[in-house]
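So you can see what is in the structure, the chains are spelled out below.
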Amino acid sequence: MQSMEDPGTRKILSAVSHGSIFFNALILSVGVPIAILLISNDSVIKNNAKEAINFHINMWFWWTVAGFLAWILIGIPLLIILAVVNFIMPILAIFHSLTNANSTFRYPLILRLL
């Protein structure tokens, strides 16, 4: 059964889920979409929260790989690419959430664990 939130709430909660990556790089940033996933009954909001959680997990993995490779001096270009992706993709997701309230933003090229 799909519960319908009003479009304003749907836009804000979806955008906050995706924008939480800008809060900080610690557990707090992934806690926001987890909390939204647990409290919301709307399927679009839940899907956006899951997508944001998956993006967090993927970024943590790739930052770890790039950090390890940077120690042996071949991961510096990867660090730069990750910094750009980590900044641009959530902005695109927030824009999509605010302009397209009835659909879920899907991050390209990420592993979806949820």
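Residues numbered from 1 in each chain as written. Predicted model: local features only at pLDDT ≥ 70, side-chain atom pairs only at ≥ 80, totals over all residues. Heavy atoms only, no water.

Trainee: Tell me about the overall build of the protein, and please be specific about residues and values.
Mentor: Looking only at helices and strands, the protein features four helices and zero strands. When the helices and strands of the protein are listed from N to C terminus, the series reads α-α-α-α. Counting only C-alpha atoms and orienting by the principal axes, one finds that the protein spans roughly 50 × 25 × 20 Å. Each of the 114 residues in the protein was classed as buried or not, and the buried ones make up 37%. Roughly 6,700 Å² of accessible area belongs to the protein as shown, and the carbon and sulfur atoms make up 75% of that amount. Each charge class in the protein can be summarised by its mean position, and for the 6 positive and 4 negative side chains these summaries are 7 Å apart. (Helix = DSSP H or I, 4+ residues; strand = E, 2+ residues; numbered from the N terminus. Buried < 20%, exposed > 50% of the residue type's maximum accessible area, 1.4 Å probe, protein only. Areas by Shrake-Rupley, 256 points an atom, 1.4 Å probe, with all protein chains shown as cover. Lys, Arg positive; Asp, Glu negative; His and termini not counted. Charge placed at Lys NZ, Arg CZ, Asp CG, Glu CD.)

Trainee: Give a description of the nonpolar core that names residues and reports values.
Mentor: Counting residues in hydrophobic clusters, the biggest one holds ten residues: I21, F55, M59, A66, L82, M89, A93, F105, Y107 and I110. Of all elements in the fold, only α3 (43-71) and α4 (76-99) reach the threshold of two or more residues within this core. Counting seven residues, the second-largest nonpolar core is a separate cluster that includes V30, V32, I45 and I53. (Core = buried A, V, L, I, M, F, W, Y, C linked by side-chain atoms within 4.5 Å.)

Trainee: Describe unusual backbone geometry, naming the residues involved and giving the relevant values.
Mentor: Phi angles above zero are rare outside glycine, and L109 is one such case at about 60 degrees. For L109, the position within the fold is in the segment after α4.

Trainee: Give a detailed account of the pattern of salt bridges, specifying residues and quantitative values.
Mentor: Under the counting rule described, the total for this entry stands at three salt bridges. A salt bridge links E51 to R106; its shortest N-O distance comes to 3.5 Å. On the criterion of sequence distance, the pair formed by E51 in helix α3 and R106 in the segment after α4 is long-range, its members being 55 residues apart. Judged by relative accessible area, E51 falls into the buried class, the value being 3%. Of the charged contacts in the structure, one is a salt bridge between E51 and R112, with a shortest N-O distance of 3.0 Å. With E51 in helix α3 and R112 in the segment after α4, this pair connects stretches of sequence that are 61 residues apart. One network of salt bridges, in which partners are shared, links E51, R106 and R112. (Salt bridge = Lys/Arg side-chain N within 4 Å of Asp/Glu carboxyl O.)

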